[in-house]
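The chain contents come next:
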Amino acid sequence: MEICMSEPQIYVERTLALIKPDAIHKAEEIEDLILRSGFTIVQKRTLHLSPEQCSDFYADQFGKMFFPSLTAFMSSGPIIAMTLARHKAISYWKELLGPTNSMKAKETHPDSLRAIYGTDDLRNALHGSNCFSSAEREIRFMFPEVIIEPIPVGQAAKDYLSLFVNPTLLAGLTALCKHKPADPITWLANWLLKNNPNKPDVLDKMIVEEPQE
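Residues numbered from 1 in each chain as written. Predicted model: local features only at pLDDT ≥ 70, side-chain atom pairs only at ≥ 80, totals over all residues. Heavy atoms only, no water.

1. Thoughts on the packing of aromatic side chains
Here is step 1 of the chain: Here the structure, examined in full by the defined rule, presents four aromatic pairs.
Here is step 2 of the chain: Both rings, one in Phe-62 and one in Phe-67, keep their centres 5.4 Å apart while their planes meet at 80°; by these two values the pair is edge-to-face.
Here is step 3 of the chain: Given the relative accessible area of 9%, Phe-67 is considered buried.
Here is step 4 of the chain: An aromatic cluster is defined as three or more aromatic residues linked by ring pairs; in this entry it consists of Phe-57, Tyr-58 and Phe-141.
Here is step 5 of the chain: The ring centre of Tyr-92 lies 3.9 Å from the NZ or CZ of Arg-86, which sits over that ring. (Phe/Tyr/Trp six-rings, centres within 6.5 Å; stacked < 30°, edge-to-face > 60°. Buried < 20%, exposed > 50% of the residue type's maximum accessible area, 1.4 Å probe, protein only. Lys NZ or Arg CZ within 6 Å of the ring centre and 35° of its normal.)

2. Let's talk about the environment of Leu-173
Here is step 1 of the chain: Considering the arrangement of structural elements, one finds Leu-173 in helix 8 (residues 154-179).
Here is step 2 of the chain: Using a relative accessible area of 37% as the deciding quantity, one classes Leu-173 as partly exposed.
Here is step 3 of the chain: Along the primary structure Leu-173 and Leu-188 are separated by 15 residues, whereas in three dimensions their C-alpha atoms are 7.4 Å apart. (Helix = DSSP H or I, 4+ residues; strand = E, 2+ residues; numbered from the N terminus.)

3. Regarding the pattern of salt bridges
Here is step 1 of the chain: Tallied over the full model, the rule gives six salt bridges.
Here is step 2 of the chain: The partner of Lys-44 in a salt bridge is Glu-31, with the nearest N and O atoms 3.0 Å apart. Here the residue Lys-44 occupies a position in strand 2 (residues 40-47), and Glu-31 occupies one in helix 1 (residues 27-36), the gap between them amounting to 13 residues.
Here is step 3 of the chain: Here Arg-137 makes a salt bridge to Glu-138, at a shortest N to O gap of 4.0 Å.
Here is step 4 of the chain: By relative accessible area, which is 6% here, Glu-138 ends up buried. (Salt bridge = Lys/Arg side-chain N within 4 Å of Asp/Glu carboxyl O.)

4. Points about the sheet that holds strand 4 (residues 126-128)
Two pairing modes exist for strands in a sheet, parallel and antiparallel, and in both the strands are linked by backbone hydrogen bonds.
Here is step 1 of the chain: Strand order in the open sheet made by the four strands is 2-3-1-4, with antiparallel pairing throughout. Here the strands that pair on one side only, and so sit at the sheet edges, are strand 2 and strand 4. Here the strands of the sheet are splayed against their neighbours by 20° on average, with no regard to which way each runs.
Here is step 2 of the chain: Pairing analysis gives three bridges linking strand 1 (residues 13-19) to strand 4, with the strands arranged antiparallel. Counted as the bridge partner of Leu-18 is His-127 from strand 4.
Here is step 3 of the chain: Contacts between helix 4 (residues 89-97) and the sheet are confined to strand 1, strand 3 (79-86) and strand 4, with strand 1 contributing the most and set at about 30° to the helix.
Here is step 4 of the chain: Strand contacts of helix 7 (residues 132-142): strand 1, strand 2, strand 3 and strand 4, with the helix running at about 55° to strand 1, the strand carrying the most contacts. (Pairing = 2+ DSSP bridges. Axes fitted to C-alpha atoms, helices over the stretch in contact; angles between N-to-C directions. Contact = heavy atoms within 4.5 Å.)

5. What about the pairing of strand 1?
Here is step 1 of the chain: When you tally the buried positions in strand 1, you get five out of seven residues, the bulk of the element.
Here is step 2 of the chain: Pairing geometry for strand 1 and strand 3, over seven bridges, is antiparallel. From the neighbouring strand, Ala-17 faces strand 3, where its bridge partner is Met-82.

6. Remarks on the environment of Phe-143
Here is step 1 of the chain: Position of Phe-143 relative to the elements: it lies in the loop between helix 7 and helix 8.
Here is step 2 of the chain: Note: C-alpha distance between Phe-143 and Ala-81 (62 residues apart in sequence) is 8.7 Å.
Here is step 3 of the chain: If we ignore the near neighbours within four places in the chain, the residues touching Phe-143 are Leu-16, Gln-43, Lys-44, Arg-45, Ala-81, Met-82 and Thr-83.

7. Examining the pairing of strand 3
Here is step 1 of the chain: Of all eight residues in strand 3, seven are buried; the element is thus mostly enclosed.
Here is step 2 of the chain: With seven bridges joining them, strand 2 and strand 3 adopt antiparallel strand pairing. What sits directly across from Lys-44, in strand 3, is Met-82.

8. Quick word on unusual backbone geometry
Here is step 1 of the chain: At Lys-88, a residue that is not glycine, the phi angle is positive and equals roughly 55°.
Here is step 2 of the chain: Its location among the elements puts Lys-88 in the loop between strand 3 and helix 4.
Here is step 3 of the chain: One non-glycine residue, Ala-125, lies in positive phi territory at about 75°.
Here is step 4 of the chain: For Ala-125, the position within the fold is in the loop between helix 6 (113-117) and strand 4.

By themselves, these are just geometric observations and shouldn't be taken as functional.
Written out as structure tokens, the structure reads:
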């Protein structure tokens, strides 16, 4: 009996992650946990927001009692902004973060990042986008120079792979068979970096570091 399996689809989602002022001293440790959880850090920058910028970023919270405390806290020191990517990035990142209130997180989700690094409902160490539209807005806010293009899925993804990915990969694998290097994976990776016709003329700096204020 032949079982027909549906062809795999390509779904890549992005979300914004912030390491807040209270946890920035643990940034290296947190970033390692992020990578080990299957995320790719697509962009990264360190910045120090003004109270006005914080007000703009948290505009949807305007009018709530904690809003002044929130903007004061978020502008109290440097933060690290990251664009994270993976399958279902938004929901997985929210799950990894745990509840907004760190005290509650310590009780109900003790292994979550806010339980480990947060202190209370305000100083909760990290931020994550709530939904797709929020992620898009927040990534644009923190990385205004970046153009967020729709990522192809379904037939569009198949067409993209067929036109732009498969021919290059086939040429690389053919060259790999001819050379038979001792380390085929590294050799192929280097070949693709050098021979990818779709790469930009100037390599994008995926990680941007700004001096702390």
